[in-house]
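# Structural characterization, general
Read off the chains here:
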Amino acid sequence: QMVNYMEGTGSWFDISARDADQFVDYGDDFQWKDGYDTLITYLKESIPDSAVKLSSPVCKIFWDEPAEERVLVVTLTGDAYLASHVIVTASVAHLQERHTHIFHPALPQSLVNALMNVRLGVANKVQVGWAEPWWGSKPLELHILWTTFDLSENMSWLYGVTIMFSIHQHWTVLETFVTGANSTYMESLPESIVKEHILYLLRRVIGDIVPEPTFFRRTRWGSNPWTRGSYSSFITLDGDKAGIHRHDQLASPLVNSKGKTVVLWAGEHTHNTRYSTVDGAMETGKHEALKIISKLKPSSSSVLVEH
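Remember, it's a predicted structure, so these values are computed and weren't measured experimentally. (Residues numbered from 1 in each chain as written. Predicted model: local features only at pLDDT ≥ 70, side-chain atom pairs only at ≥ 80, totals over all residues. Heavy atoms only, no water.)

Moving on, we get to the overall build of the protein. Each helix and strand counted, the protein has nine helices and 15 strands in total. If you line up the protein on its principal axes, its C-alpha atoms span 70 × 45 × 35 Å. Of all 307 residues assigned to the protein, the portion counted as buried reaches 42%. Surface summary for the protein: the accessible area is close to 16800 Å², and the carbon and sulfur share equals 55%. Taken as two groups, the 26 positive and 35 negative side-chain charges of the protein have centres that lie 5 Å from each other. (Helix = DSSP H or I, 4+ residues; strand = E, 2+ residues; numbered from the N terminus. Buried < 20%, exposed > 50% of the residue type's maximum accessible area, 1.4 Å probe, protein only. Areas by Shrake-Rupley, 256 points an atom, 1.4 Å probe, with all protein chains shown as cover. Lys, Arg positive; Asp, Glu negative; His and termini not counted. Charge placed at Lys NZ, Arg CZ, Asp CG, Glu CD.)

Set out below in structure tokens:
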């Protein structure tokens, strides 16, 4: 259960051991005090607002038009952009679901094979909080070992809860991660039921001293059409057997019929050793951007496609 918690998997049989061994651990994870907006705001400081277009789902990317060397990107609202290069950073699960609808012509079969042999795990957070900590003056951390499996079927997702801990900077809020099938099932339940279940678990572990919370939140990343999962993209056992041994096999650029590299790929799922991390995603984006800079002429333009 702890391995699933760390890897974002539902079972040890989900992930290739070869892939797991390639991951490089930099140590403890840390949280931005005011959330990831802190990072985005910093990165956008030198970029004019007019150069960033949000809430514009891309529905078509024409990357090899006979009469055009550039890429045509079309959004759901009908806006169209011609670009010399496009970087796509959408999640691997979104690409698996939508690539046949988005890319024209179709993606090369070798790239599709690589995409289909990687899985984006489903890891969701459940958070419950109080105005004041009822457990004392220090952050709380609970490790839960199940010795009796007597929950009703609709509560069985709780078996996936192995740890609950106080959130850094907001330690009156307790958080847990739930992964795999337990996480997917939790997403299907009404929020009021999930809250009821989490309080049942806390009171079963600690006792009836747990009061009614003032805050509750759960994520539903698997149901989100722009992600279809969260946290960690990993090569599956079948993928390893099929010869997918490195994440950069998902980053093979698209070269049009005129021999020009037009579409490049970035995101955590394309990093060999730091997949599932923010720094891994950023590093791949910078790597591909530098490739484009080396190719660009003053009159060229590029588009970043990100969900």
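Having seen it, we continue.
Next up on the list: the pattern of salt bridges. With the rule as written, the count across this model stands at 10 salt bridges. Across the pair Asp14 and Arg119 runs a salt bridge, and its minimum N-O distance is 3.2 Å. In this pair, Asp14 is assigned in the loop between helix H1 (2–7) and helix H2 (17–22) and Arg119 in strand E6 (residues 118–120), connecting sequence segments 105 residues apart. Its salt-bridge partner being Glu212, residue Arg203 comes within 3.1 Å of it at the nearest N-O pair. What makes Glu212 exposed here is its relative accessible area of 52%. (Salt bridge = Lys/Arg side-chain N within 4 Å of Asp/Glu carboxyl O.)

On to the pairing of strand E10 (residues 170–179), then. In this structure, strand E7 (residues 123–129) lies alongside E10, joined through seven bridges in antiparallel fashion. When the sheet's bridge partners are listed, Gly129 is paired in E10 with Val173. Examined bridge by bridge, strand E9 (residues 163–167) and E10 share three bridges and lie antiparallel to one another. Its bridge partner lying in E10, Ile167 is registered against His170. Connecting E9 to the antiparallel partner E10 that follows it, the hairpin turn spans two residues, and Gln169 within it adopts a positive phi of roughly 80°. (Pairing = 2+ DSSP bridges.)

To continue, consider the sheet that holds strand E3 (residues 80–83). Pairing in this open sheet of four strands is mixed, and the strands run E3-E2-E1-E5 from one edge to the other. At either end of the open sheet lies a strand with only one pairing partner, and these are E3 and strand E5 (103–104). One ladder, built from two bridges, connects strand E1 (residues 58–62) with E5; its direction is parallel. For Ile61, the partnering residue across the bridge sits in E5 and is Phe103.

By the element assignment, Thr261 lies in strand E14 (residues 261–265). For the pair Thr261 and His85, spaced 176 residues apart in sequence, the C-alpha to C-alpha distance is 7.4 Å. Setting aside residues up to four positions removed in sequence, Thr261 forms contacts with Ser84, His85, Pro253, Leu254, Val255 and Lys295. (Contact = heavy atoms within 4.5 Å.)

Ordered by their spatial adjacency, five strands build an open sheet running E8-E9-E10-E7-E11, and the pairing between neighbours is antiparallel. Looking along the sheet, the strands with just one partner apiece sit at the ends: strand E8 (141–143) and strand E11 (215–218). Averaged over neighbouring strand pairs, the angle between their axes works out to 20° when direction is ignored. One ladder, built from four bridges, connects E7 with E11; its direction is antiparallel. Looking across to E11, one finds that Val128 is bridged to Phe216. (Axes fitted to C-alpha atoms, helices over the stretch in contact; angles between N-to-C directions.)

Just distances and angles here, no functional claims.
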